[in-house]
Amino acid sequence: MRRRILDLLRVRPRLVGELTEALGLSQPGTSKHLKVLREAGLVTVRPDAQRRWYELRTEPLVEMDAWLAPYRLLWEHHLDLLESHLDAMPDEPAAPDPDRKDPP
C-alpha cells in the first residue's frame, strides 16, 4: 500500500482524501501509512488552511538508487552469464541412450 501511495505522489501532490479514495482505505488507515512514510523521510506534508497536501521527497529515493547500483550491476552480470550459458545449450534435449542402464 505504501508503494502505491508513493506511485500516486510521484504524479503530483495529493490530499489525504484523494489518497484514501484511490487506495480504497479508510482515512485513519491512509493516515497510518502516511505517518510511516513521513517518518521514513519519503513524503512531506504541507498544510494549506484546513487541508494537508502530501508530496513525494525524491532525495531518499535517489540515495537508495545510488546504493543499489553496484548490486544491480552484479545481478546484470550474473544474468548475462546465465543468458550466455542458455544460448550455448542445445535447443533439443539429447536423445535417450538405448544402451544406458539406470541403477535400480
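In short, a report on the structure. Source: prediction; values computed, not measured.

### Brief notes about the nonpolar core
The nonpolar side chains of a soluble globular protein tend to be buried, and buried together. Counting residues in each nonpolar core, the largest one holds twelve residues, listed as Ile-5, Leu-6, Leu-8, Leu-9, Val-16, Leu-19, Leu-23, Leu-34, Leu-37, Leu-42, Val-43 and Tyr-54. Put simply, the parts of the chain that give this core at least two residues each are α1 (2-11), α2 (16-23) and α3 (27-39).

### A look at a nonpolar patch on the surface
Residues Leu-61, Met-64, Trp-67, Leu-68 and Tyr-71 make up a contiguous nonpolar surface patch of roughly 490 Å² in combined accessible area. Note on Leu-61: relative accessible area 31%, which makes it partly exposed.

### Brief notes about the pairing of strand β2 (residues 43-48)
Pairing between β2 and strand β3 (residues 51-56): six bridges, direction antiparallel. Looking at β3, one finds that Val-43 is bridged to Leu-56. Taken together, β2 and the strand that follows it, β3, pair antiparallel across an intervening segment of two residues, in which Ala-49 is found at a positive phi of about 60 degrees.

### A look at the packing of α1 against α3
At a minimum axis separation of 10 Å, α1 and α3 run at an interaxial angle of 75 degrees. One finds that α1 runs roughly perpendicular with respect to α3. Between α1, through Arg-2, Ile-5 and Leu-6, and α3, the contact on the second element is made entirely by His-33, Leu-34, Val-36 and Leu-37. Residue composition of the contact of α1 with α3, by class: five nonpolar, one polar and one charged.

### A look at the packing of aromatic side chains
What the rule picks out here adds up to one aromatic pair. Measuring from centroid to centroid gives 5.2 Å for Trp-67 and Tyr-71, while their planes differ by 45 degrees, and the two rings are tilted. Taken together, the residues span about one helical turn, with Trp-67 and Tyr-71 both in helix α4 (residues 59-88) at a distance of four residues. The class of Trp-67 is exposed, set by a relative accessible area of 54%. For Tyr-71, a relative accessible area of 43% puts it in the partly exposed group.

### As for α1
Turning to α1, its buried residues number three or more, namely Ile-5, Leu-6, Leu-8 and Leu-9. Along α1, the residues classed as buried sweep out an arc of 160 degrees about the axis, all on the same side. Facing away from the buried surface of α1 by more than 90 degrees, the exposed residues are Arg-3, Arg-10 and Val-11. Contacts made by the buried residues of α1 are with β1 (14-15), α2, α3, β2 and β3.

Reading the values: the criteria
- Residues numbered from 1 in each chain as written.
- Predicted model: local features only at pLDDT ≥ 70, side-chain atom pairs only at ≥ 80, totals over all residues.
- Heavy atoms only, no water.
- Core = buried A, V, L, I, M, F, W, Y, C linked by side-chain atoms within 4.5 Å.
- Buried < 20%, exposed > 50% of the residue type's maximum accessible area, 1.4 Å probe, protein only.
- Helix = DSSP H or I, 4+ residues; strand = E, 2+ residues; numbered from the N terminus.
- Patch = residues over 30% accessible without salt bridge, like charges linked within 9 Å, V, L, I, M, F, W, Y side chains within 5 Å.
- Areas by Shrake-Rupley, 256 points an atom, 1.4 Å probe, with all protein chains shown as cover.
- Salt bridge = Lys/Arg side-chain N within 4 Å of Asp/Glu carboxyl O.
- Pairing = 2+ DSSP bridges.
- Axes fitted to C-alpha atoms, helices over the stretch in contact; angles between N-to-C directions.
- Parallel < 35°, antiparallel > 145°, perpendicular 65-115°, else oblique.
- Contact = heavy atoms within 4.5 Å.
- Nonpolar A, V, L, I, M, F, W, Y, C, P; charged D, E, K, R; others polar.
- Phe/Tyr/Trp six-rings, centres within 6.5 Å; stacked < 30°, edge-to-face > 60°.
- Arc of directions from axis to C-beta.

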